[in-house]
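# Structure assessment
Letter by letter, the chains look like this.
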Amino acid sequence: MFPTAPEAVVNRAFIPTLPDELSVTAGERIRVLAQYDDAWALCVNGRGEQGMVPQECLDRPVASNQPDWRNAGRTSSLVSDGRRY
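Rules used throughout
Residues numbered from 1 in each chain as written. Predicted model: local features only at pLDDT ≥ 70, side-chain atom pairs only at ≥ 80, totals over all residues. Heavy atoms only, no water. Salt bridge = Lys/Arg side-chain N within 4 Å of Asp/Glu carboxyl O. Helix = DSSP H or I, 4+ residues; strand = E, 2+ residues; numbered from the N terminus. Buried < 20%, exposed > 50% of the residue type's maximum accessible area, 1.4 Å probe, protein only. Core = buried A, V, L, I, M, F, W, Y, C linked by side-chain atoms within 4.5 Å. Contact = heavy atoms within 4.5 Å. Pairing = 2+ DSSP bridges.

### Notes on the pattern of salt bridges
- As enumerated under the stated definition, the model contains 4 salt bridges in all.
- For Arg29, the salt bridge is made with Glu7, and the minimal N-O distance between the two is 3.0 Å. In this pair, Arg29 sits in strand E2 (residues 29-35) while Glu7 sits in strand E1 (residues 7-9), placing the two residues 22 residues apart along the sequence.
- Residue class for Glu7 comes out partly exposed when judged on its relative accessible area of 39%.
- A salt bridge links Glu7 to Arg31; the nearest nitrogen and oxygen atoms lie 3.9 Å apart. Highlighted residues: Glu7 in strand E1 and Arg31 in strand E2, separated in sequence by 24 residues.
- Residue classification places Arg31 among the partly exposed residues on the basis of a relative accessible area of 23%.
- A cluster of three or more residues bridged by salt bridges with shared partners is formed by Glu7, Arg29 and Arg31.

Shown next as structure tokens:
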């Protein structure tokens, strides 16, 4: 799947509100493909489903200078050229 991506354990559930977000449950093991400065991470689960997850839901700490994901006001992880991250 993504053997070089670091693995993380989900420490709290996340229920998506946008189509590019990934639903995760506490205790689930996922792979972190990328981390972004808006406190979100692109992840893939064991079923191969991919999407964005707030970094605070992962077992690795979020840097204290990163904004709270609940205030991010995201509408999508799509960039202007249509690629998904």
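### Looking at the nonpolar core
- Grouped together as the largest cluster of nonpolar side chains are 15 residues, with contacts concentrated most on Val24, Ile30, Val32, Cys43, Val53 and Leu58.
- Looking at this core, the elements with two or more residues in it are E2, strand E3 (40-44) and strand E4 (50-54).
- Here this core gets 4 residues from one element, more than from any other, and that element is E3.
- Not counting chain neighbours up to four residues away, the residues in contact with Cys43 comprise Leu22, Ile30, Arg31, Val32, Leu33, Glu49, Gln50, Gly51, Val53 and Leu58.

### Some remarks on the pairing of E3
- E3 sits mainly inside the fold: 5 of its 5 residues count as buried.
- Across 4 bridges, the pairing between E2 and E3 is antiparallel. Directly across from Arg31, in E3, lies its bridge partner Val44.
- Taken together, E2 and the strand that follows it, E3, pair antiparallel across an intervening segment of 4 residues, in which Ala39 is found at a positive phi of about 75°.
- Sheet topology places E3 next to E4; 5 bridges connect them, and they run antiparallel. Across the sheet, the residue bridging to Val44 is Gln50, located in E4.
- From the end of E3 to the start of E4, which pair antiparallel, there are 5 residues, and Gly48 there has a positive phi angle of about 85°.

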